[in-house]
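Remarks on the overall topology
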Amino acid sequence: MFSHYMKRLIKVKSLLAFTLVFLWAAPAMMAQEDSTAQAQAQSGGDSDVSVDHGKELFNANCLTCHNPTDVPKTGPGLKGVTDRRSESWIIAWIQNSQKLIQSGDKQAVALYEEYNKLAMPAYEDFTEYDIKSILAYIDAYEPVVVDDKGGDETTVDGTATAGGEYLNLLLGGMIVLLLLVLVVLIIITQLLTRFLKQDENLDEADKEVVNQRFDLGAVFQSKAFLTVVGVFFFLVVSKAGIDKVMNIGIQAGYAPTQPIAFSHKLHAGANEVDCGYCHTGVYKGKSANIPSANICMNCHNQIKRSSPEIQKIYAAIENDQPIEWVRVHNLPDLVYFNHAQHTVAGQLECQNCHGQIEEMEVVQQRAPLTMGWCIDCHRETVVQGAADESNEYYDRLRAAHAKDGLKAADIKVKDIGGLECSKCHY
Ligand code: HEC
Ligand code: HEC
Ligand code: HEC
Ligand code: HEC
Ligand code: HEC
Ligand code: HEC
């Protein structure tokens, strides 16, 4: 007489389990189909390339010198390159352009001359697959288009990303909820089975259900399944953990891709725009400041207006949204650092701490920004103001140190309190 209810319970449980497996797998399957479809669309059915893979390679290796549009940077804009060159030529060029030039290839030599003999790095370990993927990405690339209302953005894959994220969140929540229900169901069936087994007077139908050999519930309760799930969760959790730790540890060498391909080499280098023109706080106070879009507009309301990169600045202003630059240098909150103290009083150059920014296409953190780095410099560096005998501000300091036998030119930052904890820590 119980068997009827038990059977139902087990059915619901199995159904739930299947739904869960499907929910889990569906997004991954959809993503897979999406990117293959995209790749096929772009390469005329050739599924041997991956736009995503190409994008990754392009951003990591080529973006510093090439736009995926037809706008030139250090090198030519690459949109349409497959129309002007053969595929085999492009592959040979990317793998080793110098070799191709030395072989006397006319196109290669002409291009090299046109770009003032700027040598492009060789990418000899790039396979045909890698390069075709890059070309597929360039083909697929569409600059962010802002419609008249300045609202919706259409990206390469044409999906509304914000909506997609919301959906993922919803899906994730559902999976968690269903998982909980499943666990509760498993516990109930197990308890019921155990309870029924103790009952001596079961009729045949009940016995069959209770002693059922194969049941999906059993699979889900099996050690093997639990181990797999356990390992899976462990991996997910530890990956999240590792990502977090790695982010905290990001130090010298960090050079994130920025939302607009802004080049210091072009602005501060070739065009010699003063650092303080854009970083307005650097000689005045604590923070150097990242320029607002309006500062860009002082020039770009005239210069290169139609460039897709410049259009992004227009879009930011029209939408009243700040450009979301990715922060490169970041001291922990417990540290006090003041730019004016270093650039004005200390008379240091930006390059002492930031390296040759005027030669960088993409800003890279050069200094480790550790406590040891600050302290080492404070131990060794002379206080310029004190060394300059005509600077009256430092008269008393010089007099005080003279008593200890320290010459003006030898007063270091450490002698004015540059090693005291409270100077750098709130
Ligand atoms: C350091 C700058 C630099 C990097 C990085 C770079 N290139 Fe180039 N590339 C150039 C320059 C400059 C030229 C123009 C020819 C010359 O002077 O060598 C060029 C030319 C090319 C051409 C020929 C374009 C045409 O119009 O025929 C292709 C294709 C190309 N690069 C692809 C790539 C790819 C793909 C990557 C990344 C894997 C890459 N480049 C990375 C600087 C660079
Ligand atoms: C035309 C405006 C402009 C000029 C001139 C300019 N910068 Fe910048 N700088 C920017 C913008 C925009 C960013 C943020 C985007 C980026 O990181 O590339 C930035 C970022 C930086 C950063 C990294 C900030 C961070 O997030 O940690 C440093 C360091 C820097 N600039 C130093 C310099 C120095 C040094 C000079 C002079 C040699 C200079 N800049 C000249 C506009 C400018
Ligand atoms: C003092 C004038 C000036 C200011 C301010 C300025 N730029 Fe420029 N920018 C230029 C010049 C000049 C060029 C080179 C144009 C050329 O190649 O013909 C340029 C080129 C660019 C390019 C390359 C465009 C392309 O497609 O080739 C980008 C991107 C850019 N600027 C972004 C910015 C951003 C972002 C800001 C604000 C943080 C900014 N610029 C502020 C003068 C300026
Ligand atoms: C003594 C070393 C030192 C010198 C010199 C220096 N900086 Fe910095 N800079 C730093 C440190 C450290 C940070 C990170 C500050 C933080 O995270 O609070 C930083 C951050 C920045 C940032 C990011 C925005 C901000 O204010 O946090 C910009 C932009 C910048 N510096 C530009 C410049 C420019 C331009 C000069 C030269 C005029 C310069 N810096 C000179 C050490 C230095
Ligand atoms: C390249 C050398 C250099 C580096 C690196 C450096 N400093 Fe300094 N610092 C100086 C100099 C020079 C002065 C003296 C300025 C003056 O003349 O008053 C100074 C002064 C200071 C002062 C004021 C000290 C006082 O007694 O008035 C503080 C606070 C400070 N630095 C914090 C830092 C922090 C925090 C860092 C690391 C994030 C750092 N500095 C990195 C060179 C450096
Ligand atoms: C010249 C500036 C300077 C002085 C002086 C200084 N610190 Fe620091 N301190 C820093 C900076 C910068 C960091 C951040 C380092 C990092 O993120 O790796 C730091 C980090 C720390 C931390 C955190 C370490 C961590 O791993 O998070 C402690 C604790 C600390 N300092 C204690 C002290 C004590 C105690 C003194 C005095 C004996 C002192 N500091 C003097 C600049 C300074």
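Once a new chain begins, its residue numbering starts again from 1 and follows that chain's sequence as written. Whichever chain is written first is A, and whichever ligand is written first is 1; the rest continue in order. Whole-chain, interface and lining totals are the exception, using all residues; otherwise, since this is a predicted model, local features are given only for residues with pLDDT of at least 70 and side-chain atom pairs are given and counted only at 80 or more. To get the side-chain values, all heavy atoms of the structure are used, and hydrogens and water are removed first.

Let's talk about the site of ligand 2
Note the following rule: Working definition: residue near molecule or strand if any one of its non-hydrogen atoms lies within 4 Å of it. As used in this structure description, the phrase polar contact means that two N or O atoms lie within 3.5 Å; if the pair is within protein, one of them must be able to donate a hydrogen and the other to accept it, and residues adjacent in sequence are counted only when both atoms belong to side chains. A run of H or I in DSSP counts as a helix once it spans at least four residues, and a run of E counts as a strand once it spans at least two, with each numbered from the N terminus. Residues are grouped as follows: nonpolar covers Ala, Val, Leu, Ile, Met, Phe, Trp, Tyr, Cys and Pro; charged covers Asp, Glu, Lys and Arg; every other residue, Gly included, is treated as polar.
Surrounding ligand 2, one finds 20 residues, the nearest of these being His264, Cys275, Cys278, His279 and His329. His264 is positioned such that a nitrogen or oxygen atom in its side chain is 2.8 Å from a nitrogen atom of ligand 2. Secondary structure elements with two or more residues in the shell around ligand 2: α12 (264-270), α13 (275-278) and α17 (350-354). It is α12 that provides the largest number of residues to the shell around ligand 2, a total of 3 residues. When grouped by side-chain class, the residues that make up the shell around ligand 2 number 12 nonpolar, 6 polar and 2 charged.

A look at the coordination of the iron atom of ligand 2
As a reminder, the rule being used: Think of the donor list as every N, O and S atom within 2.8 Å of the metal, or within 3.2 Å for Na, K and Ca; water never makes the list, so a site can look incomplete. Irregular is the default label, applied whenever a site is not tetrahedral (four donors, all angles between 85 and 135 degrees) and neither square planar nor octahedral (four or six donors, opposite donors over 155 degrees apart, all other angles between 65 and 115). Partly exposed describes any residue whose relative accessible area lies between the buried limit of under 20% and the exposed limit of over 50%, with all areas from a 1.4 Å probe on protein chains only and scaled to the type maximum.
With distances of 2.0 Å, the protein atoms coordinating the iron atom of ligand 2 are His264 (NE2) and His279 (NE2). Coordination at the iron atom of ligand 2 is octahedral: its 6 donor atoms span angles of 88 to 179° at the metal. In this pair, His264 is assigned in helix α12 and His279 in the loop between α13 and α14 (293-300), connecting sequence segments 15 residues apart. Look at His264 and you get buried, because its relative accessible area is 14%. The partly exposed category is assigned to His279, whose relative accessible area is 22%.

Describing the site of ligand 3
Near ligand 3 you find 21 residues, and of these His267, Cys296, Cys299, His300 and Ser307 are the closest. Contributing elements (two or more residues each) for the shell around ligand 3: α12, α14 and α15 (308-318). A total of 4 residues in the shell around ligand 3 trace back to one element, the largest contributor, which is α14. Residue classes in the shell around ligand 3 are distributed as 15 nonpolar, 4 polar and 2 charged.

Focus: the coordination of the iron atom of ligand 4
Donor atoms from the polypeptide that coordinate the iron atom of ligand 4 comprise His339 (NE2) and His354 (NE2), at 2.0 Å from the metal. The site at the iron atom of ligand 4 holds 6 donor atoms, and with the angles between them running 86 to 179°, its shape is octahedral. Taken as a pair, His339 in helix α16 (residues 339-345) and His354 in helix α17 lie far apart in primary sequence, 15 residues in all. His354 gets classed as partly exposed once you look at its relative accessible area, which sits at 21%.

Overview of the pattern of salt bridges
Filter applied, for reference: Any carboxyl oxygen of Asp or Glu within 4 Å of a side-chain nitrogen of Lys or Arg constitutes a salt bridge here.
Applying the stated rule across the entire model yields 8 salt bridges. The closest approach of N and O atoms between Glu309 and Lys312, which form a salt bridge, is 3.3 Å. Here Glu309 pairs with Lys312, and both are found in helix α15, just 3 residues apart, close to one helical turn. Where salt bridges share partners, they join Glu87, Glu128 and Lys132 into one cluster.

Here's the deal with the packing of helix α4 (residues 87-95) against helix α7 (residues 128-140)
To characterise two packed helices, one gives the angle between the axes of the helices and the distance between these axes. To be explicit about the condition: Lines fitted to C-alpha atoms define the axes, with helix axes restricted to the stretch in contact, and inter-axis angles between N-to-C directions lie between 0 and 180 degrees. Angle categories: roughly parallel below 35 degrees, roughly antiparallel above 145, roughly perpendicular from 65 to 115, and oblique for all the rest. The handedness criterion is simple: a crossing whose near helix is rotated anticlockwise from the far helix by less than a right angle is left-handed, and one whose near helix is rotated clockwise is right-handed. Throughout, a contact is declared for two residues whenever any of their heavy atoms are within 4.5 Å.
The geometry of α4 relative to α7 is characterised by a closest axis approach of 10 Å and an angle of 110° between their N-to-C directions. What the angle tells us is that α4 and α7 run roughly perpendicular. Of the two elements, α4 crosses α7, and the hand of that crossing is right-handed. Contacts between α4 and α7 pair Glu87, Ile90, Ile91, Ile94 and Gln95 from the former with Glu128, Ile131, Lys132 and Leu135 from the latter.

Notes on the nonpolar core
Stated formally: Side-chain atoms within 4.5 Å link the members of a nonpolar core, which is a set of buried Ala, Val, Leu, Ile, Met, Phe, Trp, Tyr and Cys residues.
Formed by 28 residues in total, the largest nonpolar core has its most connected members in Phe58, Trp89 and Trp93. Looking at this core, the elements that each hand over two or more residues are α2 (51-62), α4, α5 (97-102), α6 (106-114) and α7. The element best represented in this core is α7, accounting for 7 residues. Once residues within four sequence positions are removed from consideration, Trp93 is found in contact with Leu100, Ile101, Ala108, Leu111 and Met120. Judged by nonpolar contacts, the second largest core, of 9 residues, contains Ala293, Ile313, Tyr314 and Ile323.

Keep in mind that these numbers describe shape and distance, not what the molecule does.
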